[in-house]
Amino acid sequence: MSNSDRTIEPLTDRLFATERQPEDFRFDAAVARVFPDMIRRSVPGYTTIIPMIEVITEQYAQAGSNCYDLGCSLGASTLAMRHGIPFGDCSLVGIDNSTAMIERCEHYIALDDNPLPVTLRCENIQQTELSDASVTTLNFTLQFVPPEERGDLLRRIAKATRPGGVLILSEKIRFESEGEQATQTRLHHEFKRANGYSDLEISQKRSAIEQVLIPETLNAHKQRLKDSGFDRVLVWYQCFNFVSMLAIKAD
Ligand code: GEK
């Protein structure tokens, strides 16, 4: 392992800056190294959503329950949840199936001084065990699960959630109207340009990710959350084609 592999200093994302062969996007070591910079400059609202996950967790966490961050990457949402949980007897679990992400995540968790223990599991969220949950977060993760398999995962989360518990679901979405889809996509690309990405970076990243990140409409998400066992669904944040929802299980 080289020194640069060991550093956890987030680097600037230049992964798509030079011409490269088209290849599907993967959450490997190269992505993990630049991930904080990549997600901040690519996802409108990310830097607002993370601190709000802390606020929401504080409202819905229940004493003695489990809290899950599914697709935790480097633990930004896990840490927000850790700081929001007001009970010392909660169990907080971060899960990701990328070894590179989990290895770096361990460092970020260790650097944080909150005393609540965090368990990290390198597992597929589609098979991971879930139980007795009060707050579960899927912050831009469900979009990477094949659409036909999303219902199963959401049903398992709803079944594992206590009455009064919640799922925070953030997703890139698509729009029913072609006109709105085109406008929101253009605005998202302008956001990336304003954050220093070149046209080449934007188009190469788009080609790499479009086979693995499948956005759905807001209505499709809301309906599936209800069909899966959540009683109320509300949108608490939207910026362009990026949305965060709160799915609540009735008391
Ligand atoms: C954040 N939530 O910073 N099982 C486990 N992990 C998975 C799976 C799966 N089936 N599919 C994808 N992942 C984070 C950001 S990033 C979002 C989440 C993005 C993981 C994948 O390895 C990656 O770490 C994460 O989900 C998605 O708040 O890159 O746009």
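What you are looking at is a predicted structure, and each value in this text was computed from that prediction instead of being measured. (Residues numbered from 1 in each chain as written. Predicted model: local features only at pLDDT ≥ 70, side-chain atom pairs only at ≥ 80, totals over all residues. Heavy atoms only, no water.)

Quick look at empty space enclosed by the protein
Leftover empty space is mapped by rolling, across the atoms, a probe with the size of a water molecule. Counted by the stated rule, this structure contains 1 cavity of 30 Å³ or more. For the largest cavity, the calculated volume is near 40 Å³. Along its surface, the largest cavity is lined by Asp13, Phe16, Ser42, Lys192, Tyr197, Glu201 and Lys205. Split by residue class, the lining of the largest cavity holds 2 nonpolar, 1 polar and 4 charged. (1 Å grid on protein atoms, 1.4 Å probe; cavity = no way out; pocket = protein on both sides within 12 Å on 5 of 7 lines; lining within 4 Å. Points joined across faces, edges and corners; volume = space filled by probe spheres on them. Nonpolar A, V, L, I, M, F, W, Y, C, P; charged D, E, K, R; others polar.)

A short note on the site of the ligand
The immediate surroundings of the ligand are formed by 23 residues, with Tyr46, Gly71, Ser73, Ser77 and Asp96 found nearest. With respect to the ligand, the side chain of serine 73 contributes an N or O atom lying 2.8 Å from an oxygen atom. When the free accessible area of the ligand is taken as 660 Å², the share hidden by the protein chains comes to 94%. Elements with a minimum of two residues in the shell around the ligand: α2 (29-42), α3 (46-60) and α4 (76-84). Looking at the shell around the ligand residue by residue, the class counts come to 11 nonpolar, 10 polar and 2 charged. (Near = heavy atom within 4 Å. Polar contact = N/O pair within 3.5 Å; in protein donor to acceptor, adjacent residues only side chain to side chain. Areas by Shrake-Rupley, 256 points an atom, 1.4 Å probe, with all protein chains shown as cover. Helix = DSSP H or I, 4+ residues; strand = E, 2+ residues; numbered from the N terminus.)

Notes on the UniProt feature "binding site: S-adenosyl-L-methionine" (unreviewed entry) in the protein chain
This chain's UniProt record puts "binding site: S-adenosyl-L-methionine" (unreviewed entry) on Tyr46, Gly71, Cys72, Ser73, Asp96, Asn97, Asn139 and Arg206. The annotated residues occupy 161 residues of the chain and do not converge on a single region, their most distant C-alpha atoms lying 22.7 Å apart. The residue tyrosine 46 is located in helix α3 in this model. Ignoring sequence-local partners within four residues, the contact set of tyrosine 46 consists of Ile39, Arg40, Ala76, Asn139 and Phe140. Here asparagine 139 is to be found in strand β4 (residues 133-139). Setting aside residues up to four positions removed in sequence, asparagine 139 forms contacts with Tyr46, Ile49, Ile50, Ile53, Leu70, Ser77 and Ser170. (UniProt positions renumbered as here; feature names shortened; annotations may be inferred. Contact = heavy atoms within 4.5 Å.)

Thoughts on unusual backbone geometry
Leave glycine aside and you will find that most residues have negative phi; peptide bonds, for their part, are mostly trans. The phi torsion at serine 73 lies on the positive side, around 50°, for a residue other than glycine. Counting through the fold element by element, serine 73 comes out in the loop between β1 (66-70) and α4. If you check the backbone angles, phenylalanine 240 has positive phi at about 55° while not being a glycine. Along the polypeptide, phenylalanine 240 turns up in the loop between β6 (232-239) and β7 (242-248).

Looking at the pattern of salt bridges
Tallied over the full model, the rule gives 11 salt bridges. Where aspartate 37 meets arginine 40, a salt bridge forms, and the shortest distance between an N and an O atom there is 3.0 Å. Of this pair, aspartate 37 and arginine 40 both sit in helix α2, 3 residues apart, which is roughly one turn of the helix. Residue arginine 40 is classed as partly exposed on the basis of its relative accessible area, which comes to 40%. Arginine 82 is paired through a salt bridge with aspartate 112; the nearest N and O atoms lie 2.6 Å apart. Residue arginine 82 is located in helix α4, and its partner aspartate 112 is located in the loop between α5 (99-111) and β3 (118-122); the two are separated by 30 residues in the primary sequence. Each member of the pair, arginine 82 as well as aspartate 112, carries the same accessibility label: buried. What emerges from the salt-bridge pattern is a single network uniting Asp37, Arg40 and Arg41. (Salt bridge = Lys/Arg side-chain N within 4 Å of Asp/Glu carboxyl O. Buried < 20%, exposed > 50% of the residue type's maximum accessible area, 1.4 Å probe, protein only.)

Considerations on the sheet that holds β4
One open sheet holds the 7 strands; their spatial order is β3-β2-β1-β4-β5-β7-β6, and the pairing between them is mixed. Strands with a single pairing partner mark the edges of an open sheet, and in this sheet they are β3 and β6. Strand after strand, the sheet turns through a mean of 15° between neighbouring axes, direction not considered. When β1 meets β4, the two strands line up parallel, connected through 4 bridges. (Pairing = 2+ DSSP bridges. Axes fitted to C-alpha atoms, helices over the stretch in contact; angles between N-to-C directions.)

Focus: the environment of alanine 194
Tracing the backbone through its elements, the reader meets alanine 194 in helix α7 (residues 178-194). C-alpha separation for the pair alanine 194 and arginine 41, spaced 153 residues apart in sequence, amounts to 8.8 Å.

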